[in-house]
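Per-entry structural report
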Amino acid sequence: MLQGPFFIPMKRFSLLIILLAVLSCRKENTADNSLSPAYPDYFPAPVYQFNNNTVNKDRFELGKKLFFDPVLSLDSTISCAKCHAQVHAFADHNVSLSAGINGLLGTRNSPSITNMIWSPTFMWDGGVNHIEVFSVAPITNHVEMGESMLSVIRKLNNITAYRTAFKKAYNIDEITDQAMLRALTAYMSMIISAGSKYDEYRQGKTSLSASELDGLNLFRQKCAGCHSEPLFTDYSYKNNGLDSVFNDLGRETITTNSNDRGKFKVPSLRNVELTYPYMHDGRFWSLREVLDHYSNGIVISPSLDASLQHSIPMTIQEKERIIEFLKTLTDWNLVSDQMFNK
Amino acid sequence: MKKLLKNLFAFAIIIFPLFMISCEKEQTATEGTVLVKLNHGWGMSGTSFALNTNLVHPMNGDTMNFSKYKYYISNLKLKKADGTFWVQPESYFLVDLSNSASSSISLNNVPVGDYTEISYTLGVDSARNVSGAQSGALATTNDMFWSWSTGYIMIKAEGTSPQSTNGSFSFHIGGFSGQYSAVQSKTASFGSNQLSVSGEKNTEIHFNVNTAMTWCNSGSCAAVNSVMMPSALSLQMATDFNNGFVFDKIVE
């Protein structure tokens, strides 16, 4: 008979076999910890279909851990959350141009990453075509996190807590970039802003004040051509008359078409009260400055959007009303929701 | 109780080998393996391609010393003599000339039979460029992915050249849509040499890849030492690379 430390007594061995046989026939433990995006019925169907990446609590929590972890950057100084802060509806704050590692500055202000599952493209110039590969851009950009994907994955594989978390969330022993990107997607896809006063108004749960309603009507006349409801963007690219000489070619960088010069993606106006500074380069610090730009500051250039050729005439009072309405787009539930916090 | 356990043990002993047997393959071969061997040369004079070696371009005369030469080949399929196709599932390969093993692509589980041609795509088809995070050969950790303008790089060649104004060159050729899409599908007929898959031994399809072709129309590195995005030039270079990728022979 076999002896020694690895010998399993006969009786126990046969029991073990039976136990293994029984276990192998069992389905996976399907304890319901799944999460799915919740949004009102007047929202369109999301672009992201969660194929091969259904969200559950493990994946969401892992994505959150990654989102807040500066290990994703070259020198472990910058996390995703640094430039996408919850208190500012996941946009950058306090600076015009978002700073990367070693204080390096790019040419753009980090936009809000709420409601990403509805976005057909990502980045100000729309260069990224899928939410799952979106994170590769800031991680590898030399003036953002400045890291290589290979190095990030190596670092994560050296951290036991991550190996455990990836095993739990994706059932893998070796962390892959695909799983990391999907985990980040699991977190980001749940950052949905649909709980503003405007939404409560749309659902008949509250009413807007007379001046807010005035503002809504003015908004629909003057702004909704691009910032269409309910997501407050049509996801198109526009040259909105900021410059005639462009240090950032915007959409042209991607398409190489000079007709796209200086065009940037129309940003959503949800939470716009919190996402200052405004424009792709964060040049305006207040909503009033933005509206003044559209009424009096349009700079003519060949690719200027047709709707802005004659500016957007607005009186001071109209601007005030529009701003009052825009503040009803602030989702205070989202910015204080503990679910998204570290 | 003791007897019951004994019986169970005997049962387990009988059952266990049955499990093992059921995992074994059947003896009669219905499938075989085909190897696609890529022989990388430099020019037409029989010079082999090598990294970290001075290579003189046969047309423009540049001296090029490559530190990196990688490219994608995908969507391999074989045409049977009866006109139907065997399509390789998950057919994505990164050929990295720093890793000789990647120059031999294995087509597994090919049904036994005779085949007349092979089709393939140089680069990565558009579907995989728009479908989010991928794995294996298509993992972003392979450093063949444009993050700022989503898409796989088809050919990445980097190195040094005394003709270059800054001493180095870096060609990243790719793009999967629009007028400058670098992705190209191609078919190579085996002609009179049919490929017979018997399942008894591996059969090989040999290609000669003239790696110098990529620069046969691009001019000297003195003029252009960097391509980083899709353009008319990058499309020209992709086409030239493709033309340098030529079926050689079947080896049984």
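Residues numbered from 1 in each chain as written. Chains lettered and ligands numbered in written order. Predicted model: local features only at pLDDT ≥ 70, side-chain atom pairs only at ≥ 80, totals over all residues. Heavy atoms only, no water.

Ranked by size, the top nonpolar core spans 67 residues in total, and within it Leu66(A), Phe67(A), Leu72(A), Leu156(A), Phe166(A), Met180(A) and Tyr187(A) carry the most contacts. Of the residues forming this core, the biggest block, eight residues, is contributed by helix 8 (residues 177-188) of chain A. Structurally, this core is a two-domain feature, drawing no fewer than three residues from each of domain 1 (57-193) and domain 2 (197-335) of chain A. In this structure, Phe67(A) is in contact with Ser79(A), Cys80(A), Ala81(A), His84(A), Phe90(A), Ile113(A), Leu184(A), Tyr187(A) and Met188(A), ignoring residues within four places of it in sequence. The next biggest cluster of nonpolar side chains, apart from the first, holds 49 residues, and it includes Leu76(B), Ile118(B), Met154(B) and Ala212(B). (Core = buried A, V, L, I, M, F, W, Y, C linked by side-chain atoms within 4.5 Å. Buried < 20%, exposed > 50% of the residue type's maximum accessible area, 1.4 Å probe, protein only. Helix = DSSP H or I, 4+ residues; strand = E, 2+ residues; numbered from the N terminus. Domains from an automatic or database assignment. Contact = heavy atoms within 4.5 Å.)

Take unusual backbone geometry next. All names here are of chain A. Following Glu229, the chain continues into Pro230 via a peptide bond in cis, with omega recorded as 0 degrees. Topologically, Pro230 is positioned in the loop between helix 10 (210-222) and strand 1 (237-238). Even without a glycine there, the phi angle at Asn171 is positive, about 55 degrees. On the secondary structure map, Asn171 appears in the loop between helix 7 (160-170) and helix 8. Judged by relative accessible area, Asn171 falls into the exposed class, the value being 56%. Located in the positive-phi region is Phe232, a residue other than glycine, with phi close to 65 degrees. Summarising the element assignment, Phe232 is placed in the loop between helix 10 and strand 1. Residue classification places Phe232 among the buried positions, given a relative accessible area of 0%.

Glancing now at the domain arrangement of chain A. All names here are of chain A. The domains assigned to chain A are domain 1 (57-193) and domain 2 (197-335). Computed over C-alpha atoms only, the centres of domain 1 and domain 2 are separated by 26 Å. Between domain 1 and domain 2, the residue contacts involve 31 residues of the former and 25 residues of the latter. For the pair domain 1 and domain 2, the summed buried area comes to about 2300 Å², and 53% of that belongs to carbon and sulfur atoms. Three residues stand out in domain 1 for area buried against domain 2, namely Trp124, Asp125 and Ser193, and they jointly supply 27% of the buried area on that side. Taken together, the connections running from domain 1 to domain 2 amount to one salt bridge. We note a salt bridge from Arg108 to Asp248, for which the minimum N-O separation is 2.7 Å. Per-class residue counts for the side of domain 1 that touches domain 2 are 13 nonpolar, 15 polar and three charged. (Buried area = accessible area lost by both parts, 1.4 Å probe. Salt bridge = Lys/Arg side-chain N within 4 Å of Asp/Glu carboxyl O. Nonpolar A, V, L, I, M, F, W, Y, C, P; charged D, E, K, R; others polar.)

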